[in-house]
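Chains, contacts and geometry: an overview
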Amino acid sequence: MDLPLDPDLQKPESILQWINELDVRLDIQKFNSYPSRPLVFSDYILEPPTIVIYRYLPMEDWLNLMCQRSVGYYGPWYFLPLTYRLYFYLELNGLFEIERKWHHRCLGRLETLEERAHRFVKEILGLLSHPSKFDAQVNRAFQPGVHPV
């Protein structure tokens, strides 16, 4: 499967359409509470292929702001974990894998599924920074005595 290098993929509707065409279930669960630690915003279930997104409604606006500030993505924040989990489906089913060049191997980069999924998110959503910056910012806010920037 070729990676659809379409600028429209940066729009959430296109990613949802892509997931639908792949016959991957999307289960978005909404909670009227704050998350507990450890923070979990998504999950991937192998059978049937399902991407689960956990949305915590009291902090939606804040998560969108953190997404904009930390990685420069102005769509809904939960498309970061959604796209991340989509990569799990693509690679685990042999449909697509991020190319690892010789320098990635020499430097020990893109060795894990998670690292490749993060690269996929950055490329597909056109992020200005690595998506782990968003994760780090949000996690830091949930540590006692630490305030996010």
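Above this text is the structure in question.
What this report covers is the structure whose coordinates are included nearby. (Residues numbered from 1 in each chain as written. Predicted model: local features only at pLDDT ≥ 70, side-chain atom pairs only at ≥ 80, totals over all residues. Heavy atoms only, no water.)

Regarding its fold elements, the protein presents six helices and three strands. In the protein, the order of α-helices and β-strands from amino to carboxyl end is α-β-β-β-α-α-α-α-α. Put simply, the protein has 149 residues, and 44% of those count as buried. Counting only contacts in the protein whose residues sit at least 6 apart along the sequence, the fraction spanning at least 24 positions is 61%. (Helix = DSSP H or I, 4+ residues; strand = E, 2+ residues; numbered from the N terminus. Buried < 20%, exposed > 50% of the residue type's maximum accessible area, 1.4 Å probe, protein only. Contact = heavy atoms within 4.5 Å.)

With that settled, consider the packing of aromatic side chains. A full pass over the atoms with the stated rule returns 13 aromatic pairs. The interplanar angle of 45° and the centroid separation of 5.1 Å between the aromatic rings of Tyr87 and Phe120 together place this pair among those described as tilted. Of this pair, Tyr87 sits in helix 3 (residues 79-92) while Phe120 sits in helix 5 (residues 113-125), placing them 33 residues apart in sequence. With respect to class, Tyr87 is no different from Phe120; both count as buried. (Phe/Tyr/Trp six-rings, centres within 6.5 Å; stacked < 30°, edge-to-face > 60°.)

Before going further, it helps to examine the layout of surface pockets. By volume, the largest pocket is sized at about 300 Å³. The wall of the largest pocket is formed by 14 residues, among which Phe41, Ser42, Pro81, Tyr84 and Asp135 lie closest to the centre. Residue assignment for the lining of the largest pocket shows that the elements contributing at least two residues are helix 3, helix 5 and helix 6 (132-141). In the lining of the largest pocket, the residues fall into nine nonpolar, three polar and two charged. (1 Å grid on protein atoms, 1.4 Å probe; cavity = no way out; pocket = protein on both sides within 12 Å on 5 of 7 lines; lining within 4 Å. Points joined across faces, edges and corners; volume = space filled by probe spheres on them. Nonpolar A, V, L, I, M, F, W, Y, C, P; charged D, E, K, R; others polar.)

Think of two packed helices as two axes; the pair is described by the angle between the axes and how far apart they sit. Relative orientation of the contacting elements helix 2 (residues 60-71) and helix 6 amounts to 130°, with a least axis distance of 9 Å. What the angle tells us is that helix 2 and helix 6 run oblique. Every pair of crossing elements has a handedness; the one defined by helix 2 and helix 6 is right-handed. Every residue of helix 6 that contacts helix 2 at Trp62, Leu63, Met66, Cys67, Ser70 and Val71 is listed here: Lys133, Phe134, Gln137, Val138 and Ala141. Here the contact of helix 2 with helix 6 is composed, by residue class, of eight nonpolar, two polar and one charged. (Axes fitted to C-alpha atoms, helices over the stretch in contact; angles between N-to-C directions. Parallel < 35°, antiparallel > 145°, perpendicular 65-115°, else oblique. Left-handed = near helix turned anticlockwise from the far one by under 90°.)

Each regular strand displays side chains that alternate between the two surfaces of the sheet. Every second residue of strand 2 (residues 42-45) is oriented toward a common face, the buried set being Ser42 and Tyr44 and the non-buried set Asp43 and Ile45. Pairing analysis gives four bridges linking strand 2 to strand 3 (residues 50-56), with the strands arranged antiparallel. Directly across from Asp43, in strand 3, lies its bridge partner Val52. Taking the residues that link successive antiparallel strands as the turn, the strand 2-strand 3 hairpin has four residues. (Pairing = 2+ DSSP bridges.)

The subject of this paragraph is helix 2. Its 12 residues give helix 2 an end-to-end C-alpha distance of 16 Å, which sits within 8% of 16 Å, the value for a rise of 1.5 Å per residue. Considered for burial, the residues of helix 2 that qualify are Glu60, Leu63, Asn64, Met66, Cys67, Ser70 and Val71. Buried residues of helix 2 fall within an arc of 160° about the axis and therefore sit on the same side. Turned more than 90 degrees off the buried face of helix 2, the exposed positions are Asp61 and Arg69. Following helix 2 by one or two positions, Gly72 adopts a phi angle in the positive range, close to 75°. (Expected span 1.5 Å × (residues − 1). Arc of directions from axis to C-beta.)

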